[in-house]
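# Secondary and tertiary structure notes
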Amino acid sequence: DYSQIPVVDIDLATRLADKKLGEDPGLGSQMEIGTFTNKQEVNGKLVYVAPLEHRSPLKWWSNRQGTTGYLIVSATNPNDVKLVKKVNEKDIHLKYINSAYFGSDLTRHIRNSGFRTQGLTEFSFELDDEGNPYWVVTTYKNTTIWDTPEATGVVVCNPQDGNCEWFSVEDAPEWIDIIQPEDFIEDQINNWGKYVHGWWNPSNKDVMQMTPNIVTIYNNGECYYYTGISSVGSDQGTTGYIVVNTRNKKVIWYKYSGATEEAAMRSAEGVVQDMGYFSTKAIPLNVNGIPTYFMTLKDTEGLVKSYALVNIKDYSIASVGNTIAEVMKNYKNAMTNSGNKVVFADEAYGYTLEGKITRISSNVENGNTYYYFIINNDNTKLFMASYGISDELPITREGDNVKVSYLDASNGSIDILTFDNTGFTQKVSEDQKERDELLDNNLLNSSDNKITPVNPEEDKEYLDNLTDEERAKIIKNIKNNE
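Keep in mind that what you see is a predicted model, and the values were worked out from it rather than measured.

Conventions used here
- Residues numbered from 1 in each chain as written.
- Predicted model: local features only at pLDDT ≥ 70, side-chain atom pairs only at ≥ 80, totals over all residues.
- Heavy atoms only, no water.
- Helix = DSSP H or I, 4+ residues; strand = E, 2+ residues; numbered from the N terminus.
- Buried < 20%, exposed > 50% of the residue type's maximum accessible area, 1.4 Å probe, protein only.
- Contact = heavy atoms within 4.5 Å.
- Areas by Shrake-Rupley, 256 points an atom, 1.4 Å probe, with all protein chains shown as cover.
- Phe/Tyr/Trp six-rings, centres within 6.5 Å; stacked < 30°, edge-to-face > 60°.
- Lys NZ or Arg CZ within 6 Å of the ring centre and 35° of its normal.
- Pairing = 2+ DSSP bridges.
- 1 Å grid on protein atoms, 1.4 Å probe; cavity = no way out; pocket = protein on both sides within 12 Å on 5 of 7 lines; lining within 4 Å.
- Points joined across faces, edges and corners; volume = space filled by probe spheres on them.
- Nonpolar A, V, L, I, M, F, W, Y, C, P; charged D, E, K, R; others polar.

## Topic: the overall build of the protein chain
When its secondary structure is counted, the protein chain shows 10 helices and 28 strands. Within the protein chain, the fraction of its 482 residues that count as buried is 47%. Here the contacts in the protein chain between residues at least 6 apart in sequence split such that 50% fall between residues at least 24 apart. For the protein chain, the computed accessible surface area is about 25,300 Å², with 47% contributed by carbon and sulfur atoms.

Here you go:
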């Protein structure tokens, strides 16, 4: 979901939260912001959360009932920062926290609550779906004589009343995003790559390793760790990438060669090298089925200045923009004009439409001209195409008959793949022929692109001519594959 792309990292979240706390001088002199953990999903929105902590032992002594709230920073909107002091009209008092002392010290309290012999790690401050704060602490046991740790569950501690309850990995509440600690996963992935042929492999045959960057990503409400996998000795290229479910540790290994996150970050910085911006960690996105890295570009003050997209397969294809919508347009335009084959996902559907232009206008953005138009007065579909799609776009007017092909991602304006003004009979240039052939072969009909063509009129006619038995078989096959 493009509206949930995380554009705020922990460093910026900390800066924004500190500024918010500074707006309350009385509170800021008594308390400070605790540690932000990994971003988390609360009611479908990605956020960073940190508790208020005591500034010193004397401050704790004068506020032994607890600090008075927590900071929540949107990971998708740097202007959305809140200091939460009440939940369900009840005041918050965080008594059991890291900056407390004696029996209120968080670790000591959990140990004294029946967990003296448990391995404890990854103390995360998380919210349930109602905004109630909890400490989520992973429990673990060592599985080998080399102390290889394995998560066994979580202790959920209420920082207000001190109640602690243990849950297994399978039974943990759904609002808990991360059970498997990041360092556990890193060690196990590296062991998997290092001992691919056992411990005796003097030639390092087929040995693989993680790329330096590991990030937390979300997809359809599930949280994952993402990292690239490269051969030992490879600095720029990957042999694929791995995603690991942060709750149950289910692993998916994608064998898809491409650029490392670090190489993509340098490529994005190269586009704006005159500005001196630096890139945050690369996050993988699915842009119309194209595996793509997303990064924010920040200035020396740590403020977000622009966004970047870099193709994972070919990191020379990079684009930047001042907004998410702008960088998406620039990236799709760069992909169209790159001459590279574009491999789409299994669930991409291609449409072909013929009709009359009923409204059209152009707009210049960062030196690129984009055309927006409506066909057959259908105001539910706003089509968008760059000048590079067709030389016929600049001379197209209302009332012209056109034929277009497109992918409908159902996320706003629809990006055109091919455009033909059928009423325009000028001889087609060789450049346009090559461009049309490239778009037609690579984006629509190529076996490399798993696009399902959709033609509602033909499909309806076909279905109407089927017998009841034939329709029943089709419906049965669909149900069996659900």
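## As for the packing of aromatic side chains
Summed over the entire model, instances satisfying the criterion amount to 18 aromatic pairs. Note on Phe373 and Phe419: the rings are 5.6 Å apart at their centroids and 65° apart in plane angle, and the pair reads as edge-to-face. Pair noted here: Phe373 is in strand E24 (residues 368-375) and Phe419 is in strand E27 (residues 414-421), with a separation of 46 residues, a long-range link. Assessed through its relative accessible area of 1%, Phe373 is described here as buried. Linked through ring pairs, Tyr351, Phe373, Phe383, Tyr406 and Phe419 together constitute an aromatic cluster. Here the guanidinium or amino end of Arg64 rests over the ring plane of Trp61, the centre of that ring lying 4.1 Å away.

## Thoughts on the pairing of strand E12 (residues 208-219)
Extensive coverage of E12 is indicated by the burial of nine of its 12 residues. Joining the antiparallel neighbours E12 and strand E13 (residues 222-231) is a turn of two residues, in which Asn220 adopts a positive phi near 50°.

## Observations concerning the pairing of strand E10 (residues 149-157)
The buried fraction of E10 amounts to seven of the nine residues, a majority that puts the element mostly inside the structure. Relative to E10, strand E9 (residues 133-142) runs antiparallel, the two sharing eight bridges. Bridge pairing in E10 links Tyr140 to Ala151. Counted between consecutive antiparallel strands, the loop separating E9 from E10 contains six residues, among which Asp147 sits at a positive phi close to 65°.

## Looking at empty space enclosed by the protein
Over the atoms, a rolling probe the size of a water molecule traces out where space has been left empty. Tallied over the entire structure, the rule returns three cavities of 30 Å³ or more. Roughly 60 Å³ of volume is contained in the second largest cavity. Lining the second largest cavity, in full, are Thr37, Asn38, Lys39, Gln40, Glu122, Ser124, Glu126, Asp177, Ile178 and Tyr218. The dominant element in the lining of the second largest cavity, judged by the number of residues it contributes, is strand E8 (residues 119-127), at three residues. Grouping the amino acids of the lining of the second largest cavity by side-chain chemistry returns two nonpolar, four polar and four charged.

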